[in-house]
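# Descriptive analysis of the structure
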Amino acid sequence: MDDRDDIKSSISTVLPDLPESILNIVEETLQSLGVGTIDDFQFVQEADLLCVLRPIQARKLVASWKQT
């Protein structure tokens, strides 16, 4: 599995009901922020995701990434 698949899988694990189109936008947003690997998730902040996700969705992602 490459880094892009890892990123997508990490998002889908936390937000399994996220539509594919939004999943792709979140992935593109993370890549535009400089996220290249799942190790980069620790530097993502909730505010970075609010342009594409609802606040609770963004909080869930950030919280799950900080636990790992």
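For the structure, check the block above.
The following paragraphs examine the structure supplied in this document. Owing to the predicted nature of the structure, the values given are computational and were not obtained by experimental measurement. (Residues numbered from 1 in each chain as written. Predicted model: local features only at pLDDT ≥ 70, side-chain atom pairs only at ≥ 80, totals over all residues. Heavy atoms only, no water.)

### Brief notes about the pattern of salt bridges
This is how it is decided: Salt bridge, as applied in this entry: a Lys or Arg side-chain nitrogen positioned within 4 Å of an Asp or Glu carboxyl oxygen. Numbering of helices and strands runs from the N terminus, with a helix taken as a DSSP run of H or I at least four residues long and a strand as a DSSP run of E at least two residues long. Note on classification: 1.4 Å probe, protein chains only; a residue is buried when its accessible area is under 20% of the maximum for its type, exposed when over 50%, partly exposed between these limits.
Overall, the coordinates contain three salt bridges when judged by the stated rule. Between Glu20 and Lys8 there is a salt bridge, with its nearest N and O atoms 3.5 Å apart. Of this pair, Glu20 sits in helix α2 (residues 20–33) while Lys8 sits in helix α1 (residues 3–14); the two residues are twelve residues apart in sequence, bridging distant segments of the chain. Of the charged contacts, one joins Lys8 and Glu27 as a salt bridge, the two residues approaching to 3.8 Å between their closest N and O atoms. In this pair, Lys8 is assigned in helix α1 and Glu27 in helix α2, connecting sequence segments 19 residues apart. We classify Glu27 as buried; its relative accessible area is 1%. Because the salt bridges share partners, they merge into one network encompassing Lys8, Glu20 and Glu27.

### Remarks on the environment of Gln67
Within the fold, Gln67 resides in helix α4 (residues 55–67). In sequence terms Gln67 and Gln42 are 25 residues apart; their C-alpha atoms lie 9.0 Å from each other.

### Observations concerning the nonpolar core
A general trend in soluble globular proteins is that nonpolar side chains are found buried together. Rule in force here: As used here, the term nonpolar core means buried Ala, Val, Leu, Ile, Met, Phe, Trp, Tyr and Cys residues forming a set that is joined through side-chain atoms within 4.5 Å.
By size, the foremost hydrophobic cluster in this structure holds 17 residues, and its most contacted members are Ile11, Leu30, Leu49, Leu53 and Trp65. Of all the secondary-structure elements, those providing two or more residues to this core are α1, α2 and α4. Residue contributions to this core peak at four residues, all from α4.

### Some thoughts on the packing of α1 against α2
For clarity, the cut-off: For helices, the axis comes from a line fit to the C-alpha atoms of the stretch in contact; other axes are also lines fit to C-alpha atoms, and the angle between any two N-to-C directions lies between 0 and 180 degrees. Should an angle lie under 35 degrees it is considered roughly parallel, over 145 roughly antiparallel, and from 65 to 115 roughly perpendicular; all remaining angles are considered oblique. Crossing handedness is read from the near helix: turned anticlockwise from the far helix by less than a right angle, it gives a left-handed crossing, and turned clockwise, a right-handed one. Whether two residues are in contact is decided by their heavy atoms, any of which lying within 4.5 Å being enough.
At a minimum axis separation of 10 Å, α1 and α2 run at an interaxial angle of 125°. By the angle between their axes, α1 is oblique relative to α2. For the pair α1 and α2, the sense of crossing is right-handed. On α2, the residues that touch Arg4, Ile7, Lys8, Ile11 and Ser12 of α1 are Glu20, Leu23, Asn24, Val26, Glu27, Leu30 and Gln31.

These figures come from the coordinates and say nothing about function on their own.
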